[in-house]
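Structure assessment
Single-letter residue listing:
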Amino acid sequence: MTRLTAKIIENVPSGIAHLNEELEKKIKMDMRNFACRSIGVNAGDIDFGSYSVAIVPVTSGEGIIGGFSRSVAVAVGALGMRSFVTEACDVTGISEAFSSSADIIFMADDERFIALNTKTRSFSDNIWSTARGYVTALGLAEEGGLEGKRVLVIGAGRVGREAVKMLRNEGALVEVTDIIPERARMLESRFEGVRAISEVDEAIRSNRLILNASPGTIPGDLISQDAVISSPGVPYAFDEEGERRAKVIIHDVLSLGVAVMAVASVGLSLFDFSAADVVADRTAIQ
Ligand code: 2YH
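Before going into details, it helps to say that this report is about the structure given with it. (Residues numbered from 1 in each chain as written. Predicted model: local features only at pLDDT ≥ 70, side-chain atom pairs only at ≥ 80, totals over all residues. Heavy atoms only, no water.)

1. Description of the side chain of Asn126
Examined against the element boundaries, Asn126 turns out to sit in helix 5 (residues 126-141). On the basis of relative accessible area, Asn126 is assigned to the buried category, the value being 18%. Non-local contacts of Asn126, meaning those with residues more than four positions away in its chain, are made with Phe113, Gly257 and Met261. (Helix = DSSP H or I, 4+ residues; strand = E, 2+ residues; numbered from the N terminus. Buried < 20%, exposed > 50% of the residue type's maximum accessible area, 1.4 Å probe, protein only. Contact = heavy atoms within 4.5 Å.)

2. As for the sheet that holds strand 2 (residues 82-85)
Strand order in this open sheet of five strands is 2-1-3-4-5, and the pairing throughout is mixed. Two strands in the sheet have a free side with no partner beyond their single neighbour: strand 2 and strand 5 (123-125). Between one strand and the next, the sheet's axes are offset by a mean angle of 20 degrees, whatever the strand orientation. Against the sheet, helix 4 (residues 90-99) engages strand 1 (52-56) and strand 3 (104-108), with an angle of about 170 degrees to strand 1. (Pairing = 2+ DSSP bridges. Axes fitted to C-alpha atoms, helices over the stretch in contact; angles between N-to-C directions.)

3. What about helix 5?
Taking 1.5 Å per residue as the helical rise, helix 5 with its 16 residues ought to reach 22 Å, and the 22 Å between its terminal C-alpha atoms agrees with that figure. Backbone nitrogen of Ile127 and a side-chain oxygen of the N-cap are separated by 2.7 Å at the start of helix 5; the cap is Asp125. (Expected span 1.5 Å × (residues − 1). Polar contact = N/O pair within 3.5 Å; in protein donor to acceptor, adjacent residues only side chain to side chain.)

4. Some details on the site of the ligand
Around the ligand, the surrounding shell holds 16 residues, and the nearest of these are Val58, Ile65, Ala108, Asp109 and Asn126. With respect to the ligand, the backbone of Val58 contributes an N or O atom lying 2.9 Å from a nitrogen atom. Within the backbone of Gly63, one N or O atom sits 3.5 Å away from a nitrogen atom of the ligand. Against a free-state accessible area of 470 Å², the protein chains account for coverage of 95% of the ligand. Of the residues in the shell around the ligand, the class split is 10 nonpolar, three polar and three charged. (Near = heavy atom within 4 Å. Areas by Shrake-Rupley, 256 points an atom, 1.4 Å probe, with all protein chains shown as cover. Nonpolar A, V, L, I, M, F, W, Y, C, P; charged D, E, K, R; others polar.)

5. Details of the pairing of strand 2
Relative to strand 2, strand 1 runs parallel, the two sharing four bridges. Along strand 2, the bridge assignment pairs Val53 with Ser83.

6. A look at the environment of Ser38
Mapped onto the elements, Ser38 comes out in helix 2 (residues 31-39). Considering only alpha carbons, one finds Ser38 and Ala131, 93 residues apart in sequence, at a separation of 9.7 Å.

7. Re the sheet that holds strand 11 (residues 248-250)
If you trace the six strands from one edge of the open sheet to the other, you get 8-7-6-9-10-11, paired in parallel fashion. Each end of this open sheet is capped by a strand with a single partner; those strands are strand 8 (194-196) and strand 11. In this sheet, neighbouring strand axes are inclined to one another by 20 degrees on average, regardless of whether the strands run parallel or antiparallel. As paired strands, strand 7 (residues 173-177) and strand 8 are joined by three bridges and run parallel to one another. Residue Val176 lies in a different strand from strand 8, and its bridge partner there is Ala196.

8. Some remarks on unusual backbone geometry
The amide bond that connects Val234 to the next residue, Pro235, takes the cis arrangement and shows omega of -5 degrees. As for its position among the elements, Pro235 is in the loop between strand 10 (228-230) and helix 9 (240-245). A positive phi angle, near 60 degrees, is found at Lys28, a position not held by glycine. Looking at where Lys28 falls in the secondary structure, it is placed in the loop between helix 1 (12-27) and helix 2. The backbone of Asp226 sits at a positive phi, close to 70 degrees, despite the residue not being glycine. Mapping Asp226 onto the fold places it in the loop between strand 9 (209-212) and strand 10.

Quick look at the structure:
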């Protein structure tokens, strides 16, 4: 899985207003409504200002990513929740968050990035939330939604696999490709309506709807005119030619996934976004 770097996320805090404007243009709603739509709740049912959200920096593994916690705090704050980064890291940071009566605690190590609701025990995971958000965004950007339409998923890693399942649940026909062909074939054998594709260039040429969950670049001359693309993959995959050809490219490096995590962790969703499912799936496929 791609690890974020300080460089990749450096513009998250200053770019949050622009991201909201882009969402309004591309999917006709702001980030708060987008996050609520992603998990199936009404924005009006959540009193955003009543939530206090702590972000705890975590030093384990490869350690702190410069600007990560602050970027998460800014994205959560943009929803209207009160957010702060704890002064202490790790376990001391969690204790600081609890003693400050935080309702929700965000924290990430090298494997997992989660939000825990301290009051309700609701729990959300960045992998699930990112897939959920980008599938939702694709459906909003495509006129008439995704039902019965063919969608190419590039990358069968953790986000890609979740996205394949969600797209099938939305009634899309899914083509999936990965540099490790076995990963795509595994999804084909597990889910009806999913086809593993080994010829990636041809797959990109012949699909107008694309969910890119890979870290690779996508040459613009492969992208079909009027393509609708939802792209959680980092780094950014597109060149000027691709941007010119595509009708819409929805992409950001952190905030959209965080926004969905925040709303999911409130605990009103009827969705089953159990983190256990994400973990079980990972061990089954790798
Ligand atoms: O970027 C990551 C991992 N690849 C997991 C992401 C799941 N989609 N983790 C962030 C690590 C943050 C660091 N521990 C910090 O600054 O607190």
